[in-house]
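Residue-level listing of the chains:
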Amino acid sequence: MIGKGVRTEMKKTANSRKRPDGDKRMAVLRLELDYELATLYEAMMENNEEKKKECKRRLEKLRQELMRLQV
């Protein structure tokens, strides 16, 4: 049986694909992912653990949003 939270996410996903700006949002998300990856690389070169942690957190959020839009 599907839980209430899963149904809500499924509806959000279905609605986001119906919106004309869904494709635009995916393009923006890809740009944001590229930027965060570059920032993560910079943090790795600086050996900045705090900056790396923050980049990884943002990358995970962006990845999750992109996955929802791609369904």
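Everything numeric in this text was worked out from a predicted model, so none of it was measured.

It is worth spelling out the overall build of the protein chain at this point. Within the protein chain, the regular secondary structure consists of three helices and zero strands. Helices and strands appear in the protein chain in the N-to-C order α-α-α. When each of the 71 residues of the protein chain is scored for burial, the buried share is 23%. Within the protein chain, residue pairs in contact and separated by at least 24 positions form 56% of the contacts whose partners lie at least 6 positions apart.

Our next topic: the nonpolar core. With nine residues, the main nonpolar core is built from M26, L29, L33, L40, C55, L59, L62, L66 and L69. Elements with a contribution of two residues or more to this core: α2 (22-46) and α3 (49-70). Sort the elements by how many residues they give to this core and α3 lands first, with five residues. Setting aside chain neighbours within four positions, we find L66 in contact with M26, L29 and L33.

On to the side chain of T39. Tracing the sequence through the fold places T39 in helix α2. When neighbours within four sequence positions are excluded, T39 is seen to be in contact with K51 and C55.

Moving on, we get to a nonpolar patch on the surface. A surface patch of nonpolar side chains, about 360 Å² in accessible area, is lined by Y41, M44 and M45. You can see M44 is positioned in helix α2.

Among the structural elements, R58 can be located in helix α3. The spatial distance from the C-alpha of R58 to the C-alpha of L37 is 9.9 Å, given a sequence separation of 21 residues. Reaching out from R58, the side chain makes a polar contact with the side chain of E36 at a distance of 2.9 Å.

The rules behind the values
- Residues numbered from 1 in each chain as written.
- Predicted model: local features only at pLDDT ≥ 70, side-chain atom pairs only at ≥ 80, totals over all residues.
- Heavy atoms only, no water.
- Helix = DSSP H or I, 4+ residues; strand = E, 2+ residues; numbered from the N terminus.
- Buried < 20%, exposed > 50% of the residue type's maximum accessible area, 1.4 Å probe, protein only.
- Contact = heavy atoms within 4.5 Å.
- Core = buried A, V, L, I, M, F, W, Y, C linked by side-chain atoms within 4.5 Å.
- Patch = residues over 30% accessible without salt bridge, like charges linked within 9 Å, V, L, I, M, F, W, Y side chains within 5 Å.
- Areas by Shrake-Rupley, 256 points an atom, 1.4 Å probe, with all protein chains shown as cover.
- Salt bridge = Lys/Arg side-chain N within 4 Å of Asp/Glu carboxyl O.
- Polar contact = N/O pair within 3.5 Å; in protein donor to acceptor, adjacent residues only side chain to side chain.

This is a description of form; function is not addressed.
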